[in-house]
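Fold and contact review
The residues making up each chain are set out below.
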Amino acid sequence: MNAKLDSGIATLPVSRQTFDEVLVPTYAPAAMVPVRASGLDLWDQEGKHYLDFTSGIAVTALGHANPEVNEALTKQLNTLWHIGNGYTNEPVLRLASALIQATFAERAFFCNSGAEANEAALKLARKYAHGKFGPHKSRIVSCLSSFHGRTLFTVSVGGQPKYTEGFEPLPQDLSHIPYNDIEAARAAITDDVAAVIVEPIQGEGGVIPGNPDYLKALREFCDKTGALLVFDEVQSGMGRCGTLFAYEQMGVVPDVLTSAKALGNGYPIGAMLTTTEIAQYLAVGTHGTTYGGNPLASSVGLKVLELINQPAFLGRVKEASAKIMANLQQLAADHPQVFGQPRGMGLLIGLPMAEGVKGRSKDYTKLCEKLGLMLLIAGPDVVRLAPALVVTDEQIAEADRLMRAAVAEFTGA
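Residues numbered from 1 in each chain as written. Predicted model: local features only at pLDDT ≥ 70, side-chain atom pairs only at ≥ 80, totals over all residues. Heavy atoms only, no water.

**Concerning the UniProt feature "binding site: N(2)-acetyl-L-ornithine" (unreviewed entry) in the protein chain**
Per the UniProt record, "binding site: N(2)-acetyl-L-ornithine" (unreviewed entry) is annotated on R150 and T289. Along the chain, R150 turns up in the loop between β5 (139–143) and α6 (152–157). Position of T289 among the secondary structure elements: in the loop between α9 (276–279) and α10 (295–308). For T289, a relative accessible area of 15% puts it in the buried group. Not counting the four nearest positions on each side in its chain, T289 is found in contact with N85, F109, F110, C111, N112 and E116. (UniProt positions renumbered as here; feature names shortened; annotations may be inferred. Helix = DSSP H or I, 4+ residues; strand = E, 2+ residues; numbered from the N terminus. Buried < 20%, exposed > 50% of the residue type's maximum accessible area, 1.4 Å probe, protein only. Contact = heavy atoms within 4.5 Å.)

So, in C-alpha cells, the structure goes:
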C-alpha cells in the first residue's frame with residue numbers, strides 16, 4: 001500500500017455499505033446516511049427530508065447547526081484550540097464558574113463524554129471513601145436496568161448483563177438493586193458503601209422517572225452511612241426535563257452530578273460537578289484527561305448553558321412536553337393494542353408497546369423513519385422521544401401525524 005494518502009480519498013463516494021466494510025461492527029445504523037441538518041430538519045444522501053425527534057440521543061438540544069453555538073465555536077476556532085492540562089484556559093474557567101453559579105456545585109471536572117464523567121465520579125467516590133473512612137468502604141450501589149456508559153467500570157455498574165457478557169472478569173464490589181424500590185435500597189446501603197449512583201429518570205431502562213420519595217430515601221441512607229449520592233444526569237440534564245437539571249424537581253441534592261450529551265450540543269464534552277470538600281480527594285495526579293476542558297468544548301458548553309438556562313426557555317420545554325404527552329395519550333387511547341400510556345419528564349418521553357406487541361419497538365420506529373420521522377427506542381419494549389428542546393408546535397403536530405400513519409402500517413389498517 002502506498003504510504004502517501006490518495007488525494008481523492010476525501011471525496012471518495014461512501015454509502016451505508018461502506019460502514020460494513022471499514023468500521024468495527026459495534027453498531028447497526030439505519031440504511032439512510034444523514035448529510036445535512038438544521039434545527040429539527042435533516043436530509044439524507046438521497047435528499048429525503050426527516051423530522052428528527054432523536055436529537056442525537058438527547059444531544060442536540062438546541063437543534064442541529066444552531067447559529068449561536070456555531071458562532072461561539074467559530075470564534076474559538078480562530079483563537080485557541082488546545083493547550084493541554086499543564087495549563088488552564090479562559091473558556092473552561094468561565095464554564096466552570098457558570099455551572100457552579102447555576103447548581104449546588106462548588107467544583108467542576110471536565111472530560112469528553114458521559115461515560116468519562118461517570119468514571120470520574122465513581123473514582124472520586126472510592127478515593128473519597130478510602131481517604132475519609134478506609135479501604136473497607138468501597139462498594140458501589142446502582143440500579144438494575146440503568147445505564148452509565150461503556151467503559152468497563154461504568155458498564156459493570158450499569159447493571160445490564162447484555163453489555164458485560166464476554167468482558168469478564170468485571171470490576172468488583174458492585175451491587176445492583178431494583179429502581180424505585182426503597183426497601184431494597186435500605187437493605188443494600190450499609191456502612192461499606194462508598195457511593196450510590198442513580199439516574200433521576202432512567203433513560204435506556206425504559207424512560208422511567210424516579211419516584212421523589214425513592215430519591216429522598218437514597219439521600220437519607222447515604223447521609224446515614226457516609227456514602228456519596230451520585231446523580232447521573234447525562235441524559236436528563238441541560239434542560240431536558242424542564243429544569244436545568246432534573247434534581248431540582250426532586251427535592252434532593254446529590255453530592256456529585258454528571259453531565260454530558262446536551263452540554264455540548266454535539267461537540268464532545270462531559271462534566272462532573274461536586275463540592276469543595278469532596279473534590280479535594282482528587283488531588284494533583286490522581287485523575288486526568290488530555291482533551292477534557294479544552295477551549296473549543298468549553299466555549300460551546302458555555303454558550304449552550306447560557307441559552308438553555310433561561311426561565312422562558314425552560315418554561316417552553318414544559319409547554320412542549322405537555323403538548324407531546326397529550327398527543328401520545330390520545331394515540332395510546334386510540335390504539336391500545338399498540339401502545340400503553342406514555343411516561344417521562346420534560347422532553348424525555350417513553351411510549352411503551354402494548355402487551356401483544358412487546359419486543360417490537362424497533363419495528364415501529366423503522367416504519368416512522370420510512371415515513372420521515374426519526375425516533376429512538378429505550379429497549380425492545382419502549383419507543384423513546386427526545387426532540388430538540390426548540391421543537392415547535394408545528395413540528396409536534398407533524399410528528400403526531402407521522403406516528404399515526406406509522407401505526408396504520410404497523411397494524412395493517
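**Remarks on the UniProt feature "modified residue: N6-(pyridoxal phosphate)lysine" (unreviewed entry) in the protein chain**
Here, UniProt's "modified residue: N6-(pyridoxal phosphate)lysine" (unreviewed entry) annotation points to K261. Mapped onto the elements, K261 comes out in the loop between β11 (256–259) and β12 (270–274). Those residues within four positions of K261 in sequence are excluded, and the remaining contacts are I57, A58, V59, V234, Q235, G266 and I269. Within the local environment of K261, its side chain forms a polar contact with the backbone oxygen of I57, the two atoms lying 3.2 Å apart. (Polar contact = N/O pair within 3.5 Å; in protein donor to acceptor, adjacent residues only side chain to side chain.)

**Some points on the packing of aromatic side chains**
Applying the stated criterion across every chain yields a total of seven aromatic pairs. Ring geometry for Y128 versus Y281: centroids 5.1 Å apart, planes at 85 degrees, classification edge-to-face. Remark: Y281 occurs in the loop between α9 and α10 and Y128 occurs in helix α5 (residues 114–132); sequence separation between them is 153 residues. Ring geometry for Y364 against F410: centres 6.0 Å apart, planes inclined by 85 degrees, an arrangement best described as edge-to-face. Taken together, the residues span a long stretch of sequence, with Y364 in helix α12 (residues 361–371) and F410 in helix α13 (residues 393–411) at a distance of 46 residues. Given the relative accessible area of 11%, F410 is considered buried. Here the aromatic residues Y128, F133 and Y281 are joined through ring pairs into a cluster of three or more. Over the aromatic face of F133 sits the side chain of K137, whose NZ or CZ is 5.1 Å from the ring centroid. Directly above the ring of Y163 sits R150, whose terminal nitrogen or CZ lies 4.1 Å from the centroid. (Phe/Tyr/Trp six-rings, centres within 6.5 Å; stacked < 30°, edge-to-face > 60°. Lys NZ or Arg CZ within 6 Å of the ring centre and 35° of its normal.)

**Focus on the pairing of strand β17 (residues 382–385)**
A two-sided burial pattern is seen for β17, the buried positions comprising V382 and R384 on one face and V383 and L385 on the other. Here strand β14 (residues 348–352) runs beside β17; their pairing, made up of four bridges, is antiparallel. Residue pairing in the sheet places I349 in a bridge with L385 of β17. With two bridges joining them, strand β16 (residues 376–377) and β17 adopt antiparallel strand pairing. Paired with I377 across the two strands is V383, which belongs to β17. (Pairing = 2+ DSSP bridges.)

**Here's the deal with the side chain of S299**
Mapped onto the elements of the fold, S299 is located in helix α10. For S299, the side chain forms a polar contact with the main-chain oxygen of P295, separated by 2.8 Å. Setting aside residues up to four positions removed in sequence, S299 forms contacts with A72, Q76 and P91.

**Considerations on the domain arrangement of the protein chain**
Here the domain parsing of the protein chain yields domain 1 (16–65 + 311–411) and domain 2 (68–309). Here the C-alpha centre of domain 2 lies 26 Å away from the C-alpha centre of domain 1. Contacts between the two partners involve 29 residues from domain 1, matched on the other side by 28 residues from domain 2. For the pair domain 1 and domain 2, the two sides together bury roughly 2,400 Å², of which 63% comes from carbon and sulfur. Remark: the boundary between domain 1 and domain 2 carries zero salt bridges. Summed over the shared surface of domain 1 and domain 2, the result is 11 residue pairs in polar contact (both at pLDDT 80 or more). At the level of secondary structure, the elements contributing two or more residues to the side of domain 1 that touches domain 2 comprise α2 (55–58), α11 (311–334), β13 (343–345), β14 and β17. Top contributing element to the side of domain 1 that touches domain 2 by residue count: α11, with five residues. (Domains from an automatic or database assignment. Buried area = accessible area lost by both parts, 1.4 Å probe. Salt bridge = Lys/Arg side-chain N within 4 Å of Asp/Glu carboxyl O.)

**Looking at the sheet that holds β5**
The strand order across the open sheet formed by seven strands is β4-β12-β11-β10-β7-β5-β6, and the pairing between neighbours is mixed. Both edges of this open sheet fall to β4 (107–111) and β6 (174–177), since each of them pairs with a single strand only. Strand-to-strand twist across the sheet, computed as the mean angle between neighbouring axes with direction ignored, equals 20 degrees. As judged from the four bridges shared by β11 and β12, these two strands associate in the antiparallel manner. The residue bridging S259 from the neighbouring strand is A271, located in β12. Contacts from helix α4 (residues 90–102) reach β4 and β12, with the element oriented near 130 degrees to β4. (Axes fitted to C-alpha atoms, helices over the stretch in contact; angles between N-to-C directions.)

**Remarks on the packing of helix α3 (residues 67–77) against α10**
Between α3 and α10, whose axes approach to 9 Å, the crossing angle comes to 155 degrees. Taken as axis vectors, α3 and α10 run roughly antiparallel relative to one another. Pair α3 / α10 crosses with right-handed handedness. In contact with E68, V69, A72, L73, Q76 and L77 of α3, α10 contributes P295, L296, S299, V300, K303, V304 and L307. Of the residues belonging to the contact of α3 with α10, the class tally is nine nonpolar, two polar and two charged. (Parallel < 35°, antiparallel > 145°, perpendicular 65-115°, else oblique. Left-handed = near helix turned anticlockwise from the far one by under 90°. Nonpolar A, V, L, I, M, F, W, Y, C, P; charged D, E, K, R; others polar.)

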